[in-house]
Amino acid sequence: MPATSAGMTLERSARGHYSGVMNSPAIAKTKRRGVAIDAAAARPALLLAWYDRHRRRLPWRPPPGEAADPYRVWLSEIMLQQTGVKTVGPYFEKFVARWPDVEAMARASLDDVLRMWAGLGYYSRARNLHACAVAVRRDHRGVFPDSEEGLRALPGIGPYTAAAIAAIAFGRRTMPVDGNIERVVSRLFAVEEPLPQAKPLIQQLATTLLGASRAGDSAQALMDLGSSICTPKKPACALCPLNDECAARGRGDQEIFPRKAPKKTGTLRRGAAFVVTRGNELLVRTRPEKGLLGGMTEVPTSDWIAAQDDKAALQQAPTVKGIARWHRKAGVVTHVFTHFPLELVVCTANVPARTRAPEGMRWVPIATLAGEAFPNLMRKVIAHGLRV
DNA sequence: GAGTCGTGGCC
DNA sequence: TGGCCAAGACT
């Protein structure tokens, strides 16, 4: 497959199809009629015209015609990585209210950022968010780089996010390709090659949808299209500005795109969690900086392994003086991570006032648990353990 | 390149 | 209701 490059000509196979791609009916029709204009050339304008009428109003988007704030674009793009618009909204508002610009965030502590991020998931994003703010202040005088390359060098900014910020905030002529755009483009061109192998091809095809200007709007148009019309299931093709151009719709099998390589699901892991109270306080610790739920707060637990023996898990209970006996709560707490499902049994105990926390652990008032950096798994565990 | 990394919503 | 999906990055 040819390398990604804007404006590159696609190779055609002997059968008259683009490599891994079906011809769009519009192109074929144009050729049969012998019309000189290439229908494909009109797509960027069709897309932008649709966007100007139907763009979503989102907290990080300025009013039409106004320049985007790179800080808000960056913050929203990080939050939106693998996370829905609806979920991100309140978090975005909370963040910009507390930290109105990148320098303010750079002055905040990592702990404060993690606490504000709690519940959003993928916590390395919060760590990189803070590191990025610090880097922009320290290495770029508080001003975001305006090139894809400069952005790409910052923590937490990969190929997609660098292109998105460059296009949306700085008007650079580049096309970020996210899950929405992959779906729209793979249907538009009926890309038969499965993901993720098809990524370079899709990047190249997506770039053909950029017009001469308004790169950021072109990208956001495709994202809005993918989110509201060209949806994974039951796409509303009748409302799509590119429906006449769409190869998949021409064949009537839109929903089979994008093709994807089958994914394997992880095996169940099990363990035990220990909810220890001291009056109105709860025993907690902080997870290691890196890895699963890195840097987040948790109650002590056993290890989580596939062939977990209940007895072995319970033997990993923390050693706290004053615990007469453990109470095993009925039922289990279940949680599904991307790569494995988890099942935790919950044991509880209460200890006398002034009992000391074991090494590496601490007591926190139950009344302030909402402000702790607990991932949702731990909120479920604690709710289960404290339930009467 | 394939694994690792959360969470909520959807049908 | 369980699998799929969502504006991916990092190793």
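Conventions adopted
Residues numbered from 1 in each chain as written. Chains lettered and ligands numbered in written order. Predicted model: local features only at pLDDT ≥ 70, side-chain atom pairs only at ≥ 80, totals over all residues. Heavy atoms only, no water. Near = heavy atom within 4 Å. Polar contact = N/O pair within 3.5 Å; in protein donor to acceptor, adjacent residues only side chain to side chain. Helix = DSSP H or I, 4+ residues; strand = E, 2+ residues; numbered from the N terminus. Nonpolar A, V, L, I, M, F, W, Y, C, P; charged D, E, K, R; others polar. pLDDT = per-residue confidence, 0-100. Contact = heavy atoms within 4.5 Å. Buried < 20%, exposed > 50% of the residue type's maximum accessible area, 1.4 Å probe, protein only. Axes fitted to C-alpha atoms, helices over the stretch in contact; angles between N-to-C directions. Parallel < 35°, antiparallel > 145°, perpendicular 65-115°, else oblique. Phe/Tyr/Trp six-rings, centres within 6.5 Å; stacked < 30°, edge-to-face > 60°. Lys NZ or Arg CZ within 6 Å of the ring centre and 35° of its normal. Left-handed = near helix turned anticlockwise from the far one by under 90°.

(A) Focus on the protein's contact with DNA strand C. Around DNA strand C sit 24 residues, and of these L80, G156, D178, N180 and R183 come closest. Contact between DNA strand C and W60: a base nitrogen at 3.1 Å from a side-chain N or O atom of the residue. Between DNA strand C and the protein, one listed contact pairs a phosphate oxygen with a backbone N or O atom of G156 at 2.5 Å. Broken down by secondary-structure element, the contributors of at least two residues to the surface near DNA strand C are α9 (159–170) and α10 (179–188). Across the surface near DNA strand C, the residue classes tally to ten nonpolar, eight polar and six charged.

(B) Structural detail: the confidence of the model for chain A. When pLDDT is averaged along chain A, the result is 88, and 89% of the positions lie at 70 or above. Note on residues 1–36: pLDDT is under 50 here. Beyond four places in sequence and across chains, it has 59 contacts.

(C) Structural view of helix α3 (residues 70–79). Counting buried positions along α3 yields eight of ten residues, so the element is predominantly enclosed. Among the residues making up α3, those that are buried are Y71, V73, W74, L75, S76, E77, I78 and M79. Against the buried residues of α3 lie α4 (85–98), α5 (102–107), α6 (110–117), α7 (124–140) and α9. For α3, the N-terminal capping position is held by D69, with its side-chain oxygen 3.0 Å away from the main-chain nitrogen of Y71.

(D) Spotlight on the packing of α10 against helix α12 (residues 215–228). Packing of α10 against α12 brings their axes to within 8 Å, and their N-to-C directions diverge by 80°. With respect to their mutual orientation, α10 and α12 come out roughly perpendicular. For the pair α10 and α12, the contacting residues are N180, I181, R183 and V184 in the first and A219, L222, M223, L225, G226 and S227 in the second. Here the residues of the contact of α10 with α12 sort into six nonpolar, three polar and one charged.

(E) Geometry of the packing of aromatic side chains. Taken as a whole and assessed by the stated rule, the structure comprises eight aromatic pairs. Aromatic side chains F95 and W117 sit 5.9 Å apart centroid to centroid with 85° between the ring planes, which places their arrangement in the edge-to-face category. Of the two residues, F95 sits in helix α4 while W117 sits in helix α6, which places them 22 residues apart along the sequence. The pair F95 / W117 is uniform in exposure class, with both members buried. Ring pairs connect the aromatic residues Y71, W74 and F144, which therefore count as one cluster. For the cation-ring pair, R259 lies above F257, with the distance from its terminal atom to the ring centre recorded as 5.5 Å.

(F) Representation of the packing of α3 against α7 in the model. Packing of α3 against α7 leaves a shortest axis separation of 10 Å and a crossing angle of 160°. When the axis of α3 is compared with that of α7, the two are roughly antiparallel. Helix-helix and strand crossings are classified by hand; for α3 and α7 the assignment is right-handed. Of the residues in α7, those in contact with W74, L75, I78 and M79 of α3 are R125, L129, C132 and A133. Residue composition of the contact of α3 with α7, by class: seven nonpolar, no polar and one charged.

(G) Region of interest: the environment of L342. Looking at the element boundaries, L342 is found in strand β6 (residues 341–350). Owing to a relative accessible area of 1%, L342 belongs among the buried residues under this scheme. Once the C-alpha coordinates of L342 and V332 are considered, the two residues, ten residues apart in sequence, prove to be 9.9 Å apart. If we skip the residues at most four places from it in the chain, L342 touches L268, R269, R270, W304, V333, T334, H335, F337 and L377.

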